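Given next are the chains, with one letter for each unit.
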Amino acid sequence: MSLATKGAEGTATWVDDRLASSGFVKRSLNKVFPDHWSFMLGEIALYSFVILLLTGTYLTLFYDGSSREVIYNGSYVPLRGIPMSSAYESTLRISFDVRGGLIMRQIHHWAALLFLAAIVVHLMRVFFTGAFRKPRELNWLIGVGLLVLGILEGFAGYSLPDDLLSGTGLRIAYSIALSIPVIGSWAAFLVFGGEFPGHAIIERLYPIHILLVPGVIIGLITFHMGLIWYQKHTQFAGPGRTETNVVGSRLYPAYAAKAGGFFFLVFGVMTALGGFAQINPIWLYGPYDPSKVSAGSQPDWYVGFLDGSTRLMPNWELRTLGHTFSFNVLFPTVILPGILFTALALYPFLEAKFTKDRAYHNLLDRPRDRPVRTGIGAAAISFYILLMIAGGNDIIATIFHLSINEITYTLRTGVLLVPPLVFVFARRACLSLQRADDDLLHHGIESGTIRRLPSGEFVEETVALPEQYAVLLTSLDTPARRALAAGGGHGDSDLATVRPREVQARPRGFFRPKGVQPSGAQHGSTVPELEGAQLENTVD
Amino acid sequence: MVARSWLLASLVVLALALVGGLYTAIGAPKSEAADGTNQSIAVESGRQLYLQGCSTCHGLNNQGGAGGPSLVGVGQASVVYQVESGRMPLANAAAQAVRKKPKYDRTQIDQLAAYIQSVGGGPQVPGGTLDDGQLAMGGDLFRTNCSSCHNFAGAGGALTRAKYAPALTPASARVIYGAMLSGPESMPRFSDTQVTPEQKKDIIRYVRYITHAADPGGSSLGHYGPIPEGLVIFLVGIGGLVLVTLWIGARA
Amino acid sequence: MSDVSNGPSGNQESVRDRLKSPAGHGEQSGPGDSRGSDLSTSDFQQTDSRTDAAEAVGHGHGQLVEHGTTVLHPGKRVPLDDAAARAAERKVAGLFLLAVVGVVGFVVCFIAVPFDFGTDYSPAYTPLLGLFMTMALVGVGAGAVLWAKTLMVDEEMVQERHPFASEPETRGEAAAILAAGFQDTGLPRRSLLRNSLLLGAGSLAILPVPLLFGLGRFQHKEDALRTTSWKKGVRLVRSDGSPVKLGEVAVGGVETVFPDVPDGNKAADSASLLIRMRPDELVVRESRKDWSVDGHIVYSVVCTHLGCPVKLYEQQTHHLFCPCHQSTFDASREAKVLFGPAARNLPQLAISVDAQGYFIAQGDYSEPVGPSFWERKS
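1. Some points on the overall build of chain C
Moving on, step 1. When helices and strands are counted, chain C shows eight helices and 15 strands.
Moving on, step 2. Counting over 378 residues, chain C shows a buried share of 39%.
Moving on, step 3. In chain C, of all internal contacts separated by at least 6 residues, the share reaching a separation of at least 24 is 55%.

2. Concerning the overall build of chain B
Moving on, step 1. On a plain count of helices and strands, chain B comes out with ten helices and two strands.
Moving on, step 2. Helices and strands appear in chain B in the N-to-C order α-α-α-α-α-α-α-β-β-α-α-α.
Moving on, step 3. On C-alpha atoms alone, chain B measures out to a radius of gyration of 27 Å, which is more than a quarter above the 18 Å that the 2.2 N^0.38 rule sets for 252 residues.
Moving on, step 4. Across its three principal axes, chain B shows a C-alpha extent of roughly 100 × 55 × 40 Å.
Moving on, step 5. The buried share of chain B, reckoned over its 252 residues, is 45%.
Moving on, step 6. Taking the intrachain contacts of chain B between residues at least 6 apart in sequence as the baseline, contacts between residues at least 24 apart amount to 69%.

3. Description of the packing of helix H3 (residues 83-112) of chain C against helix H4 (residues 125-150) of chain C
Residue and element names in this part refer to chain C.
Moving on, step 1. Contact pair H3 / H4: the axes reach a minimum separation of 7 Å and the direction vectors enclose 160°. Judged by the inter-axis angle, H3 sits roughly antiparallel to H4. With respect to the hand of their crossing, H3 and H4 are arranged in left-handed fashion.
Moving on, step 2. Residues that form the contact of H3 with H4 fall into these classes: 21 nonpolar, five polar and one charged.

4. Notes on helix H7 (residues 164-179) of chain A
Moving on, step 1. The end-to-end C-alpha separation of H7 of chain A is 23 Å, in line with the 22 Å expected for 16 residues at 1.5 Å each.
Moving on, step 2. Burial of H7 of chain A is extensive: 16 of the 16 residues sit out of reach of the surface.

5. With respect to the pairing of strand S9 (residues 445-452) of chain A
Residues and elements named next belong to chain A.
Moving on, step 1. Of all the eight residues making up S9, zero are buried; the element is thus mostly uncovered.
Moving on, step 2. Sheet analysis places S9 next to strand S10 (residues 458-463), joined by five bridges and oriented antiparallel. Among the inter-strand pairings, Ile-450 is bridged to a residue of S10, identified as Glu-460.
Moving on, step 3. A loop of five residues connects S9 with S10, the two strands running antiparallel in sequence, and Gly-456 in this loop sits at a positive phi of about 105°.

6. Observations concerning the domain arrangement of chain B
Residues and elements named next belong to chain B.
Moving on, step 1. One can read the domain layout of chain B as domain 1 (35-124) and domain 2 (126-213).
Moving on, step 2. Taking only C-alpha atoms into account, the centre of domain 1 sits 21 Å from that of domain 2.
Moving on, step 3. Facing 15 residues of domain 1, the contacting portion of domain 2 comprises 17 residues.
Moving on, step 4. The residue makeup of the side of domain 1 that touches domain 2, split by class, is seven nonpolar, six polar and two charged.

7. Quick notes on the sheet that holds strand S13 (residues 348-349) of chain C
Within a sheet, each strand pairs with its neighbour through backbone hydrogen bonds, oriented either parallel or antiparallel.
Residue and element names in this part refer to chain C.
Moving on, step 1. Spatially, the five strands line up as an open sheet ordered S5-S6-S7-S8-S13, and their pairing is antiparallel. Of all strands in the sheet, those bounded by a partner on one side alone are strand S5 (236-237) and S13.
Moving on, step 2. In the sheet, strand S8 (residues 296-300) pairs with S13 via two bridges, with the strands oriented antiparallel. Residue pairing in the sheet places Val-298 in a bridge with Leu-349 of S13.

8. Side note on the interface of chain B and chain C
Moving on, step 1. The partner chain C presents 26 residues to the 23 residues of chain B that form the contact.
Moving on, step 2. Across the side of chain B that touches chain C, the residue classes break down as nine nonpolar, eleven polar and three charged.

9. Overview of the domain arrangement of chain C
Moving on, step 1. Partitioning chain C into structural domains gives domain 1 (46-162) and domain 2 (225-361).
Moving on, step 2. Put simply, the middle of domain 1 of chain C and the middle of domain 2 of chain C, counted by C-alpha atoms, are 64 Å apart.

10. Remarks on the nonpolar core
Residue and element names in this part refer to chain A.
Moving on, step 1. The biggest cluster of nonpolar side chains holds 252 residues, and the ones touching the most others in it are Leu-114, Phe-115, Val-266 and Met-270.
Moving on, step 2. For this core, the leading source of residues is helix H5 (residues 101-128), giving 18 residues.
Moving on, step 3. Ignoring anything within four residues of it in the chain, the contact list for Met-270 reads Ile-51, Ile-107, Trp-110, Ala-111 and Leu-114.

11. Description of helix H4 (residues 75-84) of chain B
Residues and elements named next belong to chain B.
Moving on, step 1. When you tally the buried positions in H4, you get ten out of ten residues, the bulk of the element.
Moving on, step 2. Here H4 has its buried residues at Gly-75, Gln-76, Ala-77, Ser-78, Val-79, Val-80, Tyr-81, Gln-82, Val-83 and Glu-84.
Moving on, step 3. On the buried face of H4, the contacting elements are helix H5 (106-120) and helix H8 (173-182).
Moving on, step 4. Just downstream of H4 lies Gly-86, where phi reads positive at about 80°.

12. A word on the sheet that holds strand S1 (residues 69-73) of chain C
Moving on, step 1. Pairing is antiparallel in the open sheet, where four strands are placed in the order S1(A)-S5(A)-S4(C)-S1(C). Both edges of this open sheet fall to strand S1 (32-33) of chain A together with S1 of chain C, since each of them pairs with a single strand only.
Moving on, step 2. Note that S1 of chain A and strand S5 (residues 245-250) of chain A share two bridges and pair antiparallel. What sits directly across from Val-32 of chain A, in S5 of chain A, is Arg-250 of chain A.
Moving on, step 3. Here helix H10 (residues 251-276) of chain A sits on the sheet and contacts S1 and S5 of chain A; the angle it forms with S5 of chain A, its principal contact strand, is near 75°.

The rules we used
- Residues numbered from 1 in each chain as written.
- Chains lettered and ligands numbered in written order.
- Predicted model: local features only at pLDDT ≥ 70, side-chain atom pairs only at ≥ 80, totals over all residues.
- Helix = DSSP H or I, 4+ residues; strand = E, 2+ residues; numbered from the N terminus.
- Buried ≥ 20, exposed ≤ 12 C-beta atoms within 10 Å, placed from the backbone.
- Contact = placed C-beta atoms within 7 Å.
- Rg over C-alpha atoms; globule rule 2.2 N^0.38 Å.
- Axes fitted to C-alpha atoms, helices over the stretch in contact; angles between N-to-C directions.
- Parallel < 35°, antiparallel > 145°, perpendicular 65-115°, else oblique.
- Left-handed = near helix turned anticlockwise from the far one by under 90°.
- Nonpolar A, V, L, I, M, F, W, Y, C, P; charged D, E, K, R; others polar.
- Expected span 1.5 Å × (residues − 1).
- Pairing = 2+ DSSP bridges.
- Domains from an automatic or database assignment.
- Core = buried A, V, L, I, M, F, W, Y, C linked by C-beta atoms within 7 Å.

Quick look at the structure:
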C-alpha cells in the first residue's frame, strides 16, 4: 500500500507544482451534493450519452456513409443480389459479418432512446419541483436546447442505415421542407442536394450525426453540469435544509462511488436490452426504395408526437393567388412544435412574470404546493401522450381490430378536450393533498385509540406529528397554510374561501425576526419559532 | 354346442374375407380410369360437403344468397384459401372474415375445391411444393406488392374502417398461394400473368422465412417497429433505472 | 374530527404558532412583488464559529472538512473486524468477481458461439453476448453502490452556498471598467467609425451564405418539381423492366409501374400504380374518359400529403390508403380524398395501349405529382 501512496503523493506533487491544484481538489472532493433519487434522472441522460459516444465510435469504424449503389453479397442470404446503397450494405455487414457488431448497433440505438427518455423524465422532475426558477433559468434553456438537439441527432442517426423505414421518414422531412412558404423548395433542394432522393442526404447526415451535433451537445452538457457545480444543486425542504445551504453527501468517497456505480448499472441495462430486445431490424425493412413502403411506419418514439399531430390534422390547404399554403402540413410539423418548444423554453420567465416572484429559490417545491404549475404540467403531458398515441393509431387498430378512422376522430376531439380536464383534475388533486397535509399538521396522526369522554362522546386520539415532519410541512409557504395561521380554523369553509394563487412569498428561510443572528437560522430548523424546540438534527 | 357355433362363426369370417379379397382384387377401379373416377368422386363428395356446410349462405346452386356471394368462377384457389384458413364457414358477420381453426381436413377441402372448380372454373393453386422459390427475389417482390398492407415482417396492418390485413405467420404455403391468386375480400388479385407462379413461390418462401426464422437480435417485440421499442424503453429502461435509483438513494 | 384530543396539550397552539408569520416581517408577509435579491451577502456569512475545533471534538476527521461545511449526521467508520461489515465486504467482493465471470463468458461466447449466417448461425449469439456484458457491468456497478452504501463512511453534511450575485462594489467596478474602456475606443463619439464598423463586420455574416448555396442544385428546380420521367408513348414497365400487357392484370389487381426510360425505376416521382376494375365501376369526368383503358386506370403512387407511396389498395372498396398518415383516396373516382390529411387527389396518368398491346403513357402527368409546394398554383 505504501508504494501506491508514495506514487499517488508523487503524482499529486508533480501536478500541484504546476497547477496549484490542491485548493481545487480540496474544494471539489468536499463538495456536498443533496441526495434524492429523482436527482439521478439527469445522470441517466448523461451516462446514456457517454454510452452513445463509446458505441457510436465503434460503429464509425465499420459504417460507410455513402449512397453509392452496390449489389449485396454478404452473409444475410435473403438480401443477396439486391441492389442497395453502401450505407445500407455496411449496416448489414455490421449486423451479420462483424462479430459483436449487432449487439453494439442495438446498444447504440437503445441508448439513444434512453437518452431522450431520460431527458424528458428529468425535465418533468425539474418542472414539477420548480428547479428552473432563479438563478437556474439559464440551465433550463440549455436543457431545452439539449432536448431539441437530441431529437435532431436521433433522427439523423436512425436515417443513416438508409433502410425502408427511415428513408420514408426522410421523404416526409423533404416534403415538410417543401411546404414551407416562399423558401420551401429552396430549402428542400438545398438540404437534399436537388430533387428527392438525390445522392447527398446520407453523406450530409453522417458528419452532422458524428461530429457537428455531438460537438454542440458535449459543449452544452459541459456548460449544464458546470452551472450545477457552480450554483450547487437544489434540494427539497426538510430538517436542516435552508435556502442558503446544501445538505447531502460529500462527493468523495461515497457520492462518487454511487455515481460511478450507477453509470455501470445504466450501461448494464443497455447491454441487457441490446442483447435481448431486437431493435431496428433493418434487414427486414429492406433497402430504401421510394416506390416501396411498409404498413405501420412510425418514427422513433421521440418524434412520435409529431407523427401523431400530422395524422390528426384535418386536410386544410389554401390555394390562392398562384400559391399553395399547406396548413395541413405546416401546422402539425412546424407551427405546433414551434409553439410548444418556445413555450417550454420561456416557461420560467412566464411563471416569474405571472407570480411576480423574483426571489432566489434553492429549495424545491413539492408539486402539490404549486397547483397551477402542476396542472399546467399535467395537461401538457396528457396532450403529449395523446399525440403519441395518435402516432400509433394504425398499430392500435391492427392489434385490437379497431377502426382506424374512429380512433382518429376520437383523438381529434381528445387532444382538445382532455388537457383542460386534466388541468382541472390535477389542480384539484393538489389542493386536496394540501388540505390533507394541513389536517395532519392541525390534528396530528390518527392513533387508532378511541376514547370515551365523560359526556359520552367517542373521540379518536391523535398523536402530534414528529418534529421533522412538522418542520417539513411548515417550512412550505402555501396560501392554505397562511390561512390556517391567520384564521386558526380548519373547517372546509376556511380553506374554501382562500382563492389559491400561485404567489410565492419569501422562502421560509427568511422569516427571521429582526435581531436574530444569521448563524441561528443556519442550525436545524428553518423556522425560528422552532429554535427552542428539541430537534434531533441540530449540531449541538 | 359351443364348438359348433365357433365353427359357424369362423366360416362366416372366412367367407367375408374371401368376398372382400375378391372384390379388392377384381372389383377395385383400374388406375387408368382412376383419376377421372376419383375426380368425379371428389366432386360429388365436395358437392355433398357444400350442400351441408355452405349452401345456406351461398345457395343450393352456387348462385349466392343473402348470406354470401355466388361462388361461380371463384375457383379452387378461393376454396383453398378460405376453408384451409378457417375463415369459411363464417362464424359471424364482422368487418371481414376471421381466421380460425379449419372445420374441414385436407381431403375435404380438396373435395370442396374440386366441386367449386367444376361448377364455375376459376384460378387454381398448383400441387407440389410451393415454398421452394428464391429467397432474395421473394423479398423484393414482397416489399413491392405485399408489405404496404401486411407490414415488412408479415405482422399485419390496418386498413380502413376496422378492416385489416392479417398477420402471415399462421398461413401455409397453399393458403398464401390461394390468397394471392383469388384476391379475397380487400386483398387485390394477383393473376399468374402479373405475378408468375415462380414469383409466387419466391414470395411464399420469403413469407414463410420471415415469419418463422429466429430473430438474430433477441426478442422481436412483435415486429411492429418503433412503437413497442418506445414502450420498452420507458417501462424497462426508465422504470428499471428508477427502481435502481431508489435502491441507491435509500439510506441503509 | 375533534379539536380536543391532540396528544399532549399545547401542541395545537404551538402548531398554529408555527404557522404564523413572525413579527418584523410586516412588509414582506403575504403576496407581494419580491423584486431584487432577498439573499444578502450577510446571509451567506461563513461563520467562523463553526470551526475545525468543534468538528474535531465531534468527529475525528473534522480537520479535513471544508471551511463552511459541517456535519449534520455523523457517520461511523466501521471497524475492520465487525461481522456485519465482513459479510458486506464479501457481498461486494462477490459482485466484483461476478464481473470477471461476465468478461470471461463474453470473450468465450464472442469467439466460440457459431456466427456464420447462412451456414452455421446461432440466434443465441447476440443474447449471450448481452447476458455476459450485463453480468460484467452490473457486477462492477452494483458492487460499487453496495460498497458505498454498506461499507463507506457516509455522513450527512451541510455546506453553505455562495452568494449568487456579486458585491455591489464589484459590480460597480466591473461596469465602470467596461464603460471607461468603451469610452477609450472612441466609439461613442465617432459616429463614422461606429457606423462603418456595424456595416463592415455585420456584412461578414453574409459571407458564408453563397457558399452554403453550393449544397443545392437549383438549375432545374421548377422542372424537377413540375414534371416526371413520363413522356408520350413511354411504356409502363414493372420494377424488373418487363412491360405490362393488356390482360395480364386481373380485375381487382394492382401493379406498381415505372416509365420505360433509363433509371425509370429509380426516379422517386415517377412511380405509379396501375389498377384494374370493371369498367362500369369507374366514375370519371367526361374529359378523362379516354385516360383509362377497359377499367385500367393509373395514378401517381406519391401521396399528395407528404410523399409516402400509396400502395395499399382495398379491392372491394377501391380505396387507396396511405400507411404513413392514413390519407384515403377513392380510386374509382379520380382518387378523390375521402379521409385523412391529404388535401388533393392523386394525379392521374393518361394511358392507352400500343399496337403490340402494351400499356403506354399518353404524356406526362397533367399536374405536379406529390406533396404541395408554395409555387404550386392548384
